[in-house]
Amino acid sequence: MADGQLRQGMVLAMWALPAGWAVLAMTSTQTAPLFIVAVVQGGLSFGIGSTLVNRVMHVAADAPSLNGAFATVALNAGAFLGPLLAGAATGADG
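Colleague: In this structure, what is going on with the overall build of the chain? I would like to understand it.
Modeller: Counting its regular elements, the chain contains 3 helices and 0 strands. Across the chain, helices and strands are ordered from the amino to the carboxyl terminus as α-α-α. Within the chain, counting contacts between residues at least 6 apart in sequence, those at least 24 apart form 48% of the total. Element-wise, carbon and sulfur atoms account for 72% of the exposed surface of the chain, whose accessible area totals about 6,800 Å².

Colleague: Looking at this model, I keep getting lost on a nonpolar patch on the surface. Mind explaining?
Modeller: Together, Phe35, Ile36, Val39 and Val40 give the surface a local cluster of nonpolar side chains, amounting to about 410 Å² of exposed area. One can find valine 39 in helix H2 (residues 31-59). Taking relative accessible area as the criterion, valine 39 reaches 48% and is therefore assigned partly exposed.

Colleague: Can you walk me through the packing of helix H1 (residues 8-26) against H2 in this structure?
Modeller: When two helices pack together, you describe them by how their axes are tilted relative to each other and by the distance separating the axes. Contact geometry of H1 with H2 gives a least axis separation of 10 Å together with a crossing angle of 150 degrees. The angle between H1 and H2 places the two elements in the roughly antiparallel class. For the element pair H1 and H2, the recorded crossing hand is left-handed. Contact residues: H1 offers Met10, Ala13, Met14, Ala16, Leu17, Gly20, Trp21, Val23 and Leu24, while H2 offers Leu34, Val37, Ala38, Gln41, Leu44, Ser45, Ile48, Thr51 and Leu52. Counted by class, the contact of H1 with H2 contains 14 nonpolar, 4 polar and no charged residues.

Colleague: For this particular structure, what's the right way to read H2?
Modeller: Within an α-helix, residues lying three or four positions from one another point in the same direction, as the helix has 3.6 residues per turn. Helix length check: H2, at 29 residues, gives a terminal C-alpha distance of 42 Å against a target of 42 Å (1.5 Å per residue), a fit within 8%. Taken together, the buried positions of H2 are Val37, Gln41, Ile48, Thr51 and Arg55. Buried residues belonging to H2 abut H1.

Conventions used here
Residues numbered from 1 in each chain as written. Predicted model: local features only at pLDDT ≥ 70, side-chain atom pairs only at ≥ 80, totals over all residues. Heavy atoms only, no water. Helix = DSSP H or I, 4+ residues; strand = E, 2+ residues; numbered from the N terminus. Contact = heavy atoms within 4.5 Å. Areas by Shrake-Rupley, 256 points an atom, 1.4 Å probe, with all protein chains shown as cover. Patch = residues over 30% accessible without salt bridge, like charges linked within 9 Å, V, L, I, M, F, W, Y side chains within 5 Å. Salt bridge = Lys/Arg side-chain N within 4 Å of Asp/Glu carboxyl O. Buried < 20%, exposed > 50% of the residue type's maximum accessible area, 1.4 Å probe, protein only. Axes fitted to C-alpha atoms, helices over the stretch in contact; angles between N-to-C directions. Parallel < 35°, antiparallel > 145°, perpendicular 65-115°, else oblique. Left-handed = near helix turned anticlockwise from the far one by under 90°. Nonpolar A, V, L, I, M, F, W, Y, C, P; charged D, E, K, R; others polar. Expected span 1.5 Å × (residues − 1).

Here it is, written out as structure tokens:
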């Protein structure tokens, strides 16, 4: 799917990720469901991230230095902002 255009499966995965976060929040007090949802969320995140990085590399093929830089920046921004926002949301709860 990553080699072609963004398809219905990618859009569905991007909608499933926020829904999974809600399920993750609801199951955070129970060990087994938390583990299962965390593994599913990790797989979805990896799949979506890899696909989007590949799309950036494909769309910006005429600028090989920039496409790798933009893909790296986007990946690192997500790796930084995701836990930061999750920590803020968790801290706001208690």
